[in-house]
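Chains, contacts and geometry: an overview
Listed here are the chains, written in short residue letters.
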Amino acid sequence: MTTSTPGPTQTPRYFLMCRPTYFTVSYEINPWMDRARPVDTALAVSQWERLRDVYLDLGHQVDLIEPEPGLPDMVYAANGATVVDGLVYSALFRHPERAPEGPAYLKWFADRGYVTHSADHVNEGEGDLLVAGDVVLAGTGFRTEVSAHQEAADLWGREVLTLELVDPRFYHLDTALVVLRGSEGSSGAGTARVVPDGTPPPLLSPLPDGAAPSRDAAHLTRARAEAPVDVAYYPPAFSPASQELLAERYPDAHHATEDDALVLGLNAVSDGLHVIHTPAATRFAAALAERGYETIGVDTSELLRGGGGSKCCTLEIRP
């Protein structure tokens, strides 16, 4: 009997967003930011509202965190924290201009009863920590420290795969790679460990007593078969070793074109079936349609002025 991998299927998502009430470009911490160009905050709000409405129309839950004056980048909610298995790992920003965002997002979660962990090492939330099934893909090179990858692995008991970014235009992992299927995560429960850039992954082993229950290899194989992971990425954004690692892990991944990457087409959000992205990424949309995904173009061009798109504005909560 032959089996086939199931096609794209929507799963309900829970998102946290922040209205860009105070959005502007008052400093420059990435190549997309230019203080000399005026920002249309009203347009940014309108584009953000359209993005939120798309999520609601698709049946997803969206909660909001109140924006704070003086934090223009707080709209990029994905950078505020990473939530896996209900455990919240706070952001610890590299640049002082964004430092207050981490405590603001952590307080939002703590006030709602989440188990929170204040980071000891620099990381910028889902900007550099992307869940892909039972693995966390972790970016480094410009913002997040490799030491944060180990901290995340210890917290969640999951394999964390280090990926080195080498092009400053793609300063966060979520600007160069999107998880099309699997971002909701499957149960972690493997050994907490980091796989360095270019190093083959070690075998799973049980966690210590009191941690999440261990999973044997057969269980892991079944879980991966039931919840396949699909990704798209822009290879030149990564070091050669990381390109090799991605090719090994995801041989069927879509490789984005330079044109699509340079409009941050990969800074997209997928619910497993629908992919929300900038309409400027035309080849990306066509390639996804061939894979069975339904693409929804949402213009976030004004928010791109700060270096972000749909994904940057969307923090996925995994209870």
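Cut-offs used in this document
- Residues numbered from 1 in each chain as written.
- Predicted model: local features only at pLDDT ≥ 70, side-chain atom pairs only at ≥ 80, totals over all residues.
- Heavy atoms only, no water.
- Pairing = 2+ DSSP bridges.
- Helix = DSSP H or I, 4+ residues; strand = E, 2+ residues; numbered from the N terminus.
- Axes fitted to C-alpha atoms, helices over the stretch in contact; angles between N-to-C directions.
- Contact = heavy atoms within 4.5 Å.
- Core = buried A, V, L, I, M, F, W, Y, C linked by side-chain atoms within 4.5 Å.
- Buried < 20%, exposed > 50% of the residue type's maximum accessible area, 1.4 Å probe, protein only.
- Arc of directions from axis to C-beta.
- pLDDT = per-residue confidence, 0-100.

1. Details of the sheet that holds strand 4 (residues 87-90)
Within the open sheet, the three strands sit side by side as 3-4-5. Their pairing is mixed. Every other strand in the sheet has two partners, leaving strand 3 (81-84) and strand 5 (115-117) as the edge strands with one partner each. Going from strand to strand, the sheet's axes swing by 25° on average, the running direction of each strand aside. Bridge count for strand 3 against strand 4 is four bridges, and the pairing is antiparallel. In the strand pairing of strand 4, Thr82 is matched with Tyr89. Running over the sheet, helix 2 (residues 101-111) touches strand 3, strand 4 and strand 5 and is turned about 155° from strand 5. Against the sheet, helix 3 (residues 146-156) contacts strand 3, strand 4 and strand 5, and its axis sits at roughly 165° relative to strand 4.

2. Description of the nonpolar core
If you look at the biggest cluster of nonpolar residues, it comprises 36 residues, and the most contacted ones within it are Leu137, Leu173, Leu177, Phe238 and Phe284. Among the secondary structure elements, those contributing two or more residues to this core are strand 6 (129-132), strand 7 (135-140), strand 8 (159-164), strand 9 (177-181), strand 11 (230-233), helix 5 (240-249) and helix 7 (282-290). Among the elements that make up this core, the one with the highest residue count is strand 9 (four residues). Sequence-distant contacts of Leu137, defined by excluding residues within four places in its chain, comprise Asp128, Leu129, Leu130, Ala132, Leu161, Leu163, Leu173, Leu177 and Tyr250. Phe23, Ala44, Val269 and Cys313 belong to the second largest nonpolar core, which has 19 residues in total.

3. Focus: helix 5
Every buried residue belonging to helix 5 is among Ser242, Leu245 and Leu246, and all of these are buried. Projected down its long axis, helix 5 carries its buried residues within an arc of 95°, all on one side. Looking at helix 5, the residues exposed on the side facing more than 90 degrees away from the buried face are Pro240, Glu244 and Glu248. The secondary structure elements touched by the buried residues of helix 5 are strand 8, strand 9 and strand 11.

4. A short note on the sheet that holds strand 1 (residues 14-17)
Sheets are built from strands paired through backbone hydrogen bonds, the pairs being either parallel or antiparallel. If you walk across this open sheet you meet the three strands as 2-1-16, and the pairing is mixed. The outermost strands of the open sheet, each flanked by one partner alone, are strand 2 (61-64) and strand 16 (315-316). Alignment of strand 1 against strand 2, held across four bridges, turns out to be parallel. Bridge pairing in strand 2 places Phe15 opposite Val62. Seen against the sheet, helix 1 (residues 41-57) touches strand 1 and strand 2 and runs at an angle of roughly 165° to strand 1.

5. Quick word on the environment of Val115
Residue position: Val115 is located in strand 5. By relative accessible area, which is 53% here, Val115 ends up exposed. Once the C-alpha coordinates of Val115 and Asp85 are considered, the two residues, 30 residues apart in sequence, prove to be 9.9 Å apart. Non-local contacts of Val115, meaning those with residues more than four positions away in its chain, are made with Gly86, Leu87 and Val88.

6. Observations concerning the confidence of the model for the protein
Here the protein shows a mean pLDDT of 89. Residues at 70 or above account for 86%. Taken together, the stretch residues 198-226 has pLDDT below 50 and engages in 38 contacts with residues farther than four places along the chain or on a different chain.

7. Some thoughts on helix 7
Looking at helix 7, one finds that the buried residues are Phe284, Ala285, Ala287 and Leu288. Along helix 7, the residues classed as buried sweep out an arc of 165° about the axis, all on the same side. What points out from helix 7, more than 90 degrees from its buried face, is the exposed set Thr282, Arg283 and Glu290. Buried residues along helix 7 sit against strand 9, strand 11, strand 12 (254-255), helix 6 (258-261), strand 14 (274-277) and strand 15 (294-297). Two residues or fewer past helix 7, Gly292 is found with a positive phi of approximately 100°.

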